[in-house]
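# Summary of structural features
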Amino acid sequence: MKLTLVEVRGREIEAVVPLLLLAEPSEPSLRWSLDHMADVVYRADLDGQPVGAATLRWQGDPAEILELAVAAEQQGRGLGRRLVELLADEARRRGKQRLIVGTPNSSIGNIAFYQKCGLRMDHVRQDYFRYERHPVFEDGIRKRDLLVFCLDLSEESGRRRR
């Protein structure tokens, strides 16, 4: 089984919105991110079938994963990890030194996932989610801060990882 990364543009983006809503469940927030933050939208295909999606901001360094999702029925098969690896490879190809991603302090599964992918906690953006009108809880933890994880993309780091 081969996972490939395909850049999608224009009307093709609408086809991956349902996948991206797994990463950002607020459709208005997702659409704002697509319009104002994301430089590129990717679809992840497994043997030609869409199974995931990601949005990235490539401007500047570090590059940033804004949204990352794998179809619910495909989760737990290592596709998310492989998708992160493909994005890291693309970042290296683009000459980036670091790749970051943020996740809420309450998203325990995401926190574990990104560390399993080789990212390390870099910093905390305290009170990042203060704009939310009502408190949101995940696993009994109030969503307040954004934990930012980082992957060092230097050539030496990349060799150690493989």
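Refer to the structure presented above.
One structure accompanies this document, and this report is about it. Values in this document were obtained by computation on a predicted structure and should not be read as measured data.

Here the focus is the pattern of salt bridges. As enumerated under the stated definition, the model contains 10 salt bridges in all. In this structure, Glu7 and Arg9 form a salt bridge, with 2.8 Å as the shortest nitrogen-oxygen distance. Exposure remark for Glu7: the relative accessible area of 32% places this residue in the partly exposed category. Measuring nitrogen to oxygen at the nearest pair gives 3.5 Å for the salt bridge that ties Arg98 to Asp122. With Arg98 in strand 5 (residues 98-104) and Asp122 in strand 6 (residues 120-125), this pair connects stretches of sequence that are 24 residues apart. Looking at Arg98, the relative accessible area reads 31%, which means it is partly exposed. Through salt bridges with shared partners, one network takes in Glu14, Glu27 and Arg31.

Further remarks concern the side chain of Lys143. With respect to the element layout, Lys143 can be found in the loop between strand 8 (141-142) and strand 9 (146-152). For Lys143, a relative accessible area of 18% puts it in the buried group. A polar side-chain atom of Lys143 sits 3.0 Å from a polar atom in the side chain of Glu132. Sequence-distant contacts of Lys143, that is, excluding residues within four places in its chain, are made with Pro104, Asn105, Ser106, Phe129, Glu132, Val136 and Glu138.

Here we take up the environment of Glu67. Position of Glu67 relative to the elements: it lies in strand 4 (residues 63-70). Judged by relative accessible area, Glu67 falls into the buried class, the value being 6%. Sequence separation between Glu67 and Leu56 is 11 residues, and the spatial gap between their C-alpha atoms is 7.3 Å. Separated by 3.1 Å, the side chains of Glu67 and Ser33 make a polar contact. Separated by 2.3 Å, the side chains of Glu67 and Thr55 make a polar contact.

Across seven bridges, the pairing between strand 2 (residues 40-46) and strand 3 (residues 49-57) is antiparallel. Each bridged residue has a counterpart across the sheet, and for Ala44 the counterpart in strand 3 is Gly52. Where strand 3 meets strand 4, six bridges bridge the pair, whose relative direction is antiparallel. Looking at the pairing, Arg57 lines up with Glu64 of strand 4. Between strand 3 and strand 4, which follow one another and run antiparallel, lie five residues, and Gly60 among them has a positive phi close to 75 degrees.

Taken as a whole and assessed by the stated rule, the structure comprises four aromatic pairs. On the basis of an interplanar angle of 75 degrees and a centroid distance of 5.0 Å, the ring pair of Tyr128 and Phe129 is categorised as edge-to-face. Under the relative-accessibility criterion, Tyr128 is labelled partly exposed at 35%. Note on Phe129: relative accessible area 9%, which makes it buried. In this structure an aromatic cluster arises from ring pairing among Phe113, Tyr114 and Phe149. Just above the ring of Phe129 sits the side chain of Lys143; from NZ or CZ to the centre is 4.6 Å.

Attention shifts here to the layout of surface pockets. Unoccupied space between atoms shows up once a probe the size of one water molecule is rolled over them. What the largest pocket holds in volume is close to 1,200 Å³. Ala23, Glu24, Leu66, Gly102 and Asn110 are, among the 41 residues lining the largest pocket, the residues nearest its centre. When contributions to the lining of the largest pocket are tallied by element, the ones reaching two or more residues are helix 2 (27-36), strand 4, helix 3 (79-93), strand 5 and helix 4 (108-116). Examining the composition of the lining of the largest pocket, we find that seven residues originate from one element, strand 4, more than from any other. Taken together, the residues that form the lining of the largest pocket break down as 20 nonpolar, 12 polar and nine charged.

Calculation criteria
Residues numbered from 1 in each chain as written. Predicted model: local features only at pLDDT ≥ 70, side-chain atom pairs only at ≥ 80, totals over all residues. Heavy atoms only, no water. Salt bridge = Lys/Arg side-chain N within 4 Å of Asp/Glu carboxyl O. Buried < 20%, exposed > 50% of the residue type's maximum accessible area, 1.4 Å probe, protein only. Helix = DSSP H or I, 4+ residues; strand = E, 2+ residues; numbered from the N terminus. Polar contact = N/O pair within 3.5 Å; in protein donor to acceptor, adjacent residues only side chain to side chain. Contact = heavy atoms within 4.5 Å. Pairing = 2+ DSSP bridges. Phe/Tyr/Trp six-rings, centres within 6.5 Å; stacked < 30°, edge-to-face > 60°. Lys NZ or Arg CZ within 6 Å of the ring centre and 35° of its normal. 1 Å grid on protein atoms, 1.4 Å probe; cavity = no way out; pocket = protein on both sides within 12 Å on 5 of 7 lines; lining within 4 Å. Points joined across faces, edges and corners; volume = space filled by probe spheres on them. Nonpolar A, V, L, I, M, F, W, Y, C, P; charged D, E, K, R; others polar.

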